[in-house]
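Understanding the architecture of this molecule
The chain contents come next:
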Amino acid sequence: MRNRSLVAALTASVVIALGTAASAADEPELGEPTTFTLGPPVERSFGGWTEVARAADTGWLGQVSIVDGTLVSYGPPFAPGGESDVGDVTWYSRDGTTWTGLPLVGETPQVTDMTARPDGSMAIAVGYTLPRGGGDRGPAGAVWTTTDGVEWNAAAAPPVPEVDAVAASDQIVAVAAGGRLWTTTDLQDWTRVKGPRPVGIAYGPGGFLTSEGGGQDRLSATAVWHSADGADWTKVKLPKPIRKAKVGVSTLPLDETWVLLPDAPKLMYISADGQRWRKAPRPPGMTQGYVWWMVDVGEGVQAVGWLPDRKRQPNGLWTFVPGESVDKAKTISGGFVGHVVAWDGETIGYGRMRGEGDAWITHMWRWDPEPAVTTGDASEAPQGESPAPDATDIS
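Here's a quick rundown of the structure. (Residues numbered from 1 in each chain as written. Predicted model: local features only at pLDDT ≥ 70, side-chain atom pairs only at ≥ 80, totals over all residues. Heavy atoms only, no water.)

1. Some words on the overall build of the chain
We apply this condition: Note on conventions: DSSP H or I runs of at least 4 residues are helices, E runs of at least 2 residues are strands, and numbering of each starts at the N terminus. Burial status follows relative accessibility: with a 1.4 Å probe on protein chains alone, a residue under 20% of its type maximum counts as buried, one over 50% as exposed, and anything between as partly exposed. By definition in these notes, contact holds between two residues if any of their heavy atoms fall within 4.5 Å. Each accessible area is a Shrake-Rupley estimate made with a 1.4 Å probe; only the visible protein chains count as cover when residues are assessed.
The helix and strand inventory of the chain stands at two helices and 31 strands. Going through the 395 residues of the chain one by one, you find that 56% of them count as buried. Taking the contacts inside the chain whose residues are at least 6 apart along the sequence as the reference set, 50% of them involve residues at least 24 apart. Within the structure as shown, the chain displays about 16,700 Å² of accessible surface, and the carbon and sulfur contribution to it stands at 48%.

If you want it as structure tokens, here you go:
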């Protein structure tokens, strides 16, 4: 799930210019694709991450998914002198550095979330469209799909003003919209599901999990529901310490494990099916509500988020094996790694660092536990649950 202020804080960015602006018609003309390349490499390292490309940027790159071996993402394009009325665009990359952007079909499309089927056969983006020039019409929920990462098509959407979040198995697509849950098997006919009132949804081992409660923030759920097939849902019995403390939780899916982070000191739980949970070591400095992405990287898990330092709130990056090992957080100040993706045998992170003045610079990082180039050790969050990191500014 995405609200626009949260995405601006959490996601990476990349320069992208739009060809021909969309017209005010219901079906705007699509602009010519524009290509942008990150580079050249700067060859800097911190905490196992080596910078491989950078560029001054003027647009946003949101969540990155993989479809048919191609990296895909979304975000608003650059508009000199103010915000663009074109809405969000999608872009794709086949090498991680060269990105090509295209507008989406629809009036002022706004993307709130994106996912890909586990088999990589399709990516699905959801959100809403807004009429240009005002008028009596309000926002309308929207769904877009691609099977090659390049050409996106509009699909049928549930009859709602906005679609907030999406998750998909190889057969089922489920969305959260206005506190209701909808599912489809053909992206044409949608069924409203009774039971959960989700603010977020994810697919992982054993099926779907929805986040319920906690306002409009999927990172602070007060209840979790599970479904193996998207049709029948059961409320998950959370571990006793969480129920007793009455705290919010975050649920994050990995390839073979779910990670549950409660808003309570030292606690973390893992599950192979999203229903039965066991306690696991919690990496120092990792705090519920501040970790927004985890990805399997072969030798373990890479997690990214914020460290709860009120003055600097540096970006934290952890490497750990759920249930076995923990790692201190490597930290960055003056910017962040916003999204990590395991792709083409590598682990790549996209982030932003503050440059001269108020300019933001897009950085591309490659994970290497033994980097060839080292410019000094990255700061590490000290042991304990409320660290005050001595962050290293590498901007």
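2. Observations concerning the nonpolar core
Going by this rule: To qualify as a nonpolar core, a set must consist of buried Ala, Val, Leu, Ile, Met, Phe, Trp, Tyr and Cys residues joined through side-chain atoms within 4.5 Å.
Leu 261, Met 286, Met 294, Trp 318 and Phe 320 are the most contacted members of the largest nonpolar core, which totals 16 residues. Mapped by element, the contributors of at least two residues to this core are strand 21 (258-262), strand 24 (291-296), strand 25 (301-306) and strand 26 (315-320). Non-local contacts of Phe 320, meaning those with residues more than four positions away in its chain, are made with Met 268, Pro 283, Met 286, Met 294, Gly 300, Val 301, Ala 303, Ser 325, Val 326 and Asp 327.

3. Describing the environment of Asp 229
Convention followed: Throughout this description, a polar contact denotes any pair of N or O atoms lying within 3.5 Å of each other; where both atoms belong to protein, one of them has to be capable of donating a hydrogen while the other can accept it, and for residues adjacent in sequence the pair is counted only when both atoms sit in side chains.
Position of Asp 229 among the secondary structure elements: in the loop between strand 18 (223-227) and strand 19 (234-235). Here Asp 229 falls in the partly exposed class, since its relative accessible area comes to 36%. Here the side chain of Asp 229 touches Asp 232 through a polar contact of 3.1 Å, landing on its backbone nitrogen.

4. Structural notes on the packing of aromatic side chains
Keep this limit in mind: When the centres of two rings from Phe, Tyr and Trp lie within 6.5 Å, Trp using its six-membered ring, the rings pair. Their planes under 30 degrees apart give stacked, over 60 give edge-to-face, and anything left gives tilted.
Enumeration according to the criterion identifies three aromatic pairs in this entry. Seen from their ring centres, Trp 99 and Tyr 350 are 5.7 Å apart, and the 80° between their planes marks the pair as edge-to-face. Linking Trp 99 in strand 7 (residues 98-103) with Tyr 350 in strand 29 (residues 346-354), this pair joins segments that are 251 residues apart in sequence. Take Trp 99 and Tyr 350: they sit in the same class, and that class is buried. Here the aromatic residues Tyr 203, Phe 208 and Trp 233 are joined through ring pairs into a cluster of three or more.

5. Examining the sheet that holds strand 13 (residues 173-177)
Sheets are built from strands that pair by backbone hydrogen bonding, the pairs being arranged parallel or antiparallel. Rules: Paired strands, in this sense, are two strands between which DSSP finds at least two bridges. Helix axes are fitted only over the stretch in contact, all axes being lines through C-alpha atoms; the angle between N-to-C directions runs from 0 to 180 degrees.
Judged by pairing direction, the sheet is antiparallel, and its four strands sit side by side in the order 12-13-14-15 without closing on themselves. Looking along the sheet, the strands with just one partner apiece sit at the ends: strand 12 (165-168) and strand 15 (191-193). Direction aside, neighbouring strands of the sheet carry axes that sit 25° apart on average. In the sheet, strand 12 pairs with strand 13 via four bridges, with the strands oriented antiparallel.

6. Side note on the sheet that holds strand 21
With antiparallel pairing, four strands are arranged side by side in an open sheet as 20-21-22-23. Lying at the two open borders of the sheet, with one neighbouring strand each, are strand 20 (249-253) and strand 23 (278-279). Sheet topology note: the strand 22 (residues 269-271)/strand 23 ladder contains two bridges and is antiparallel. Residue pairing in the sheet places Tyr 269 in a bridge with Lys 279 of strand 23.

7. What to know about the pairing of strand 17 (residues 207-212)
Here strand 17 lies mainly inside the structure; six of its six residues are buried. Where strand 16 (residues 198-204) and strand 17 come together, six bridges link them in antiparallel fashion. Opposite Tyr 203, over in strand 17, you have Phe 208 as the bridge partner. What sits between the antiparallel neighbours strand 16 and strand 17 is a turn of two residues, in which Gly 206 has the positive phi angle 90°. Where strand 17 meets strand 18, five bridges bridge the pair, whose relative direction is antiparallel. The residue of strand 18 that forms the bridge with Leu 209 is His 226.

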